[in-house]
Amino acid sequence: MTDVAERLEELRESGLHRRLRLVGGPQGPHVELDGRPVLLLCSNNYLGLADHPRVRSAAAEAALRWGAGAGASRLISGNMEVHRALEERLAAFKGYESALLFGSGYLANTGTIAALAGRGEVVFSDELNHASIVDGCRLSRAEAFVYRHGDLEHLAWGLREAGDRAALIVTDGVFSMDGDVAPLAGLAELAGRHGCRLMVDEAHATGALGPGGRGSVAAAELGAEVDLVVGTLGKALGSYGAYVCASRELTEYLLNAARSFVFSTAPPPPSVAASLAALELLESHPHRVERLTENAAALRAALAAEGLPAGRSRTQIVPVAVGDAARTMEVCELALERGVFAQGIRPPTVPEGTSRLRLSVMSTHRAGELERAAKLIAGAAREAGATRAVPLAA
Ligand SMILES: Cc1ncc(COP(=O)(O)O)c(C=O)c1O
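This report concerns the structure included in the present document.

Calculation notes
- Residues numbered from 1 in each chain as written.
- Predicted model: local features only at pLDDT ≥ 70, side-chain atom pairs only at ≥ 80, totals over all residues.
- Heavy atoms only, no water.
- Helix = DSSP H or I, 4+ residues; strand = E, 2+ residues; numbered from the N terminus.
- Rg over C-alpha atoms; globule rule 2.2 N^0.38 Å.
- Buried < 20%, exposed > 50% of the residue type's maximum accessible area, 1.4 Å probe, protein only.
- Contact = heavy atoms within 4.5 Å.
- Areas by Shrake-Rupley, 256 points an atom, 1.4 Å probe, with all protein chains shown as cover.
- Lys, Arg positive; Asp, Glu negative; His and termini not counted.
- Charge placed at Lys NZ, Arg CZ, Asp CG, Glu CD.
- Expected span 1.5 Å × (residues − 1).
- Polar contact = N/O pair within 3.5 Å; in protein donor to acceptor, adjacent residues only side chain to side chain.
- Near = heavy atom within 4 Å.
- 1 Å grid on protein atoms, 1.4 Å probe; cavity = no way out; pocket = protein on both sides within 12 Å on 5 of 7 lines; lining within 4 Å.
- Sits in = over half its atoms within 2 Å of the grid points.
- Points joined across faces, edges and corners; volume = space filled by probe spheres on them.
- Nonpolar A, V, L, I, M, F, W, Y, C, P; charged D, E, K, R; others polar.
- Pairing = 2+ DSSP bridges.
- Core = buried A, V, L, I, M, F, W, Y, C linked by side-chain atoms within 4.5 Å.
- Axes fitted to C-alpha atoms, helices over the stretch in contact; angles between N-to-C directions.
- Parallel < 35°, antiparallel > 145°, perpendicular 65-115°, else oblique.
- Left-handed = near helix turned anticlockwise from the far one by under 90°.

1. Description of the overall build of the chain
Thinking step 1. For the chain, the count of helices and strands is 15 helices and 14 strands.
Thinking step 2. A compact globule built from 394 residues would reach a C-alpha radius of gyration of about 21 Å, and the chain, at 21 Å, matches this within 12%.
Thinking step 3. In terms of its C-alpha atoms, the chain occupies a principal-axis envelope of roughly 55 × 55 × 50 Å.
Thinking step 4. Among the 394 residues that make up the chain, the fraction classed as buried is 55%.
Thinking step 5. Sequence separation of at least 24 residues holds for 71% of the intrachain contacts in the chain that already meet a minimum separation of 6.
Thinking step 6. Split by element, the accessible area of the chain, about 17100 Å² in all, is 52% carbon and sulfur.
Thinking step 7. If the 40 positive side-chain charges of the chain are averaged to one point and the 46 negative ones to another, these points end up 3 Å apart.

2. A word on helix α5 (residues 105–116)
Thinking step 1. Given a rise of 1.5 Å per residue, 12 residues ought to cover 16 Å, and the 16 Å separating the end C-alpha atoms of α5 matches this to within 8%.
Thinking step 2. For α5, the tally of buried residues reaches nine of 12 residues, placing the bulk of the element in the interior.

3. Considerations on the side chain of S363
Thinking step 1. Structurally, the position occupied by S363 is in the loop between β14 (355–360) and α15 (367–383).
Thinking step 2. Its relative accessible area of 5% is what places S363 among the buried residues.
Thinking step 3. A polar side-chain atom of S363 sits 3.4 Å from the main-chain carbonyl oxygen of L47.
Thinking step 4. Once residues lying within four places of it in the same chain are set aside, the contact partners of S363 are Y46, L47, G48, R288, R291, L292 and N295.

4. Some points on the site of the ligand
Thinking step 1. Surrounding the ligand, one finds 13 residues, the nearest of these being G105, Y106, D201, H204 and K235.
Thinking step 2. Note that an oxygen atom of the ligand is positioned 2.5 Å from one of the side-chain N or O atoms of H204.
Thinking step 3. Coverage of the ligand by the protein amounts to 85% of the 380 Å² it exposes when considered alone.
Thinking step 4. Of all the cavities here, the one that holds the ligand is the largest pocket.

5. Topic: the layout of surface pockets
Rolled over the atoms, a probe sized like a water molecule indicates the empty space that remains.
Thinking step 1. There is about 940 Å³ of room inside the largest pocket.
Thinking step 2. As for the largest pocket, its lining consists of 40 residues, and the residues nearest its centre are H130, S176, M177, H204 and K235.
Thinking step 3. Counting residues per element, the ones that place at least two in the lining of the largest pocket are α5 and α6 (131–140).
Thinking step 4. It is α6 that provides the largest number of residues to the lining of the largest pocket, a total of five residues.
Thinking step 5. When the residues that make up the lining of the largest pocket are grouped by side-chain class, the tally is 14 nonpolar, 18 polar and eight charged.
Thinking step 6. Taken as a whole, the second largest pocket encloses approximately 460 Å³ of empty space.
Thinking step 7. Looking at the lining of the second largest pocket, the elements that each hand over two or more residues are α14 (325–337) and β13 (344–345).
Thinking step 8. The class makeup of the residues in the lining of the second largest pocket is seven nonpolar, six polar and five charged.

6. Things to note about the sheet that holds strand β12 (residues 340–341)
In a beta sheet, neighbouring strands are held together by backbone hydrogen bonds and run either parallel or antiparallel to one another.
Thinking step 1. With mixed pairing, four strands are arranged side by side in an open sheet as β1-β2-β3-β12. Whereas interior strands pair on both sides, the edge strands pair on one side only; in this sheet they are β1 (23–24) and β12.

7. Overview of empty space enclosed by the protein
Thinking step 1. Under the definition given, this model contains one cavity of 30 Å³ or more.
Thinking step 2. What the largest cavity holds in volume is close to 60 Å³.
Thinking step 3. Around the largest cavity, the lining residues are R74, L101, F102, G103, S260, F261, S264, T265, A266 and P267.
Thinking step 4. Elements that contribute at least two residues to the lining of the largest cavity include exactly β4 (98–102) and α11 (259–262).
Thinking step 5. Class assignment for the residues of the lining of the largest cavity results in five nonpolar, four polar and one charged.

8. Some remarks on the nonpolar core
Thinking step 1. One finds L41, L90, F124, I169, L299, L359 and I377 to be the most contacted residues of the largest nonpolar core, which totals 93 residues.
Thinking step 2. A per-element tally of this core places helix α12 (residues 269–284) first, with nine residues.
Thinking step 3. For I169, the residues in contact, after removing those within four places along its chain, are F124, Y147, L155, L159, L187, A191, C196, R197, L198 and M199.
Thinking step 4. Judged by nonpolar contacts, the second largest core, of 25 residues, contains L168, M199, V230 and A258.

9. Quick word on the sheet that holds strand β10 (residues 242–246)
Thinking step 1. Judged by pairing direction, the sheet is mixed, and its seven strands sit side by side in the order β4-β10-β9-β8-β7-β5-β6 without closing on themselves. Only two strands of the sheet have a single neighbouring strand rather than two, namely β4 and β6 (143–147). For this sheet, the mean angle separating the axes of adjacent strands, direction not counted, is 20°.
Thinking step 2. Strand direction decides the pairing type here: strand β9 (residues 228–232) and β10, joined by four bridges, are antiparallel. Within the sheet, the bridge partner assigned to V230 lies in β10 and is V244.
Thinking step 3. Here helix α4 (residues 81–94) sits on the sheet and contacts β4, β9 and β10; the angle it forms with β4, its principal contact strand, is near 130°.
Thinking step 4. Together, β5 (122–126), β6, β7 (166–172) and β8 (197–201) form the strand contacts of α6, whose direction differs from that of β5 by roughly 165°.

10. Notes on helix α1 (residues 4–13)
Each α-helix winds once per 3.6 residues, and so residues spaced three or four apart point in a common direction.
Thinking step 1. Its side-chain oxygen placed 3.1 Å from the backbone nitrogen of A5, D3 serves as the N-cap of α1.
Thinking step 2. Phi turns positive one or two residues past the end of α1, at G15, with a value near 75°.

11. Some remarks on the packing of helix α13 (residues 287–305) against α15
Thinking step 1. Between α13 and α15, the least distance of the axes is 9 Å, while the angle of their chain directions is 30°. With respect to each other, α13 and α15 are oriented roughly parallel. Crossing of α13 against α15: the hand is right-handed. Residue-level inspection shows N295, L299, A302 and L303 of α13 in contact with α15, the latter providing A367, L370, E371 and A374.

Any functional reading would require information beyond the geometric quantities listed.
And the structure:
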């Protein structure tokens, strides 16, 4: 039996112990954290829709009309009009034949990968893919070929070795901890050449990249070459849940075979209705996406001016490398004391020796406050002796 007290002590000693912080009020650019006002620089509410009045009232109205919960899985009695309405809207937005809702991005990735690959087959996964993709590969019982980050030559070698056992290539569209974009055109070309499916997780790309925020696949001018697009509703779309967009045949297969869909309660009507309202707002007010892009560029520039380049980030996810886990948390706490909340991210979320603050920008931040935050974070890094950190790859 694991000695829990000992394990907790080990985590404390290695600087990897985590604790919960308490946010008061809705997720806006400013929140109360553990009772103190701070600038929030680590929320995935990228477009400010989680706290938008229209999104909030859509959730409230849905609760009154359909209730707080769906009461069962979709295949039993939990399939409601509001689920179908959001699926149809998401499929149209992403340009796919069909969409299928899941309870969360974690459930969408684990269930989909495990349904599409099995024992005796090979799944190809970028080394910086999100943990839910890693766990999906494990659950599938297929062999996982983890290719070097964004390295198409390494992937091509793996595909050649696998031959007709190659089942699926899976990648984040925007990488969640580095903010860089996957080489999607190259991945699509390799998938086509080797007769292998391609799945792109647009958790951080939807609402941020591509025309009208349609995501990284649309930004790369791809469509049918990408067999499945996964996205979450808990980030730019302001609520909770996730979806897979694909052909009608594939979503029909997933609703039969993805265990995290079959054996889990349908998403609650208020959050589904909230995402529907958020999607309507995104489509009718695409300037939010432009504002997010501008804010992200302003933050990256302000950090670079302070000697803190954001590695290979091209998006609203802006890492500040520190390296050591304990020192990362020191910088985080110092910044927090001065009113800026940018969470420190440590292994196993990021590779050993690459701990960092993961800053994320919202369209609702003001440029001036992002510049001030960059100065303040640089000051905190200097004070913690973190200015000679190993930089993240550019
Ligand atoms: C790339 C990526 N995929 C999937 C997820 C999981 O999504 P969810 O939070 O909806 O479970 C996340 C983050 O949480 C993510 O960053």
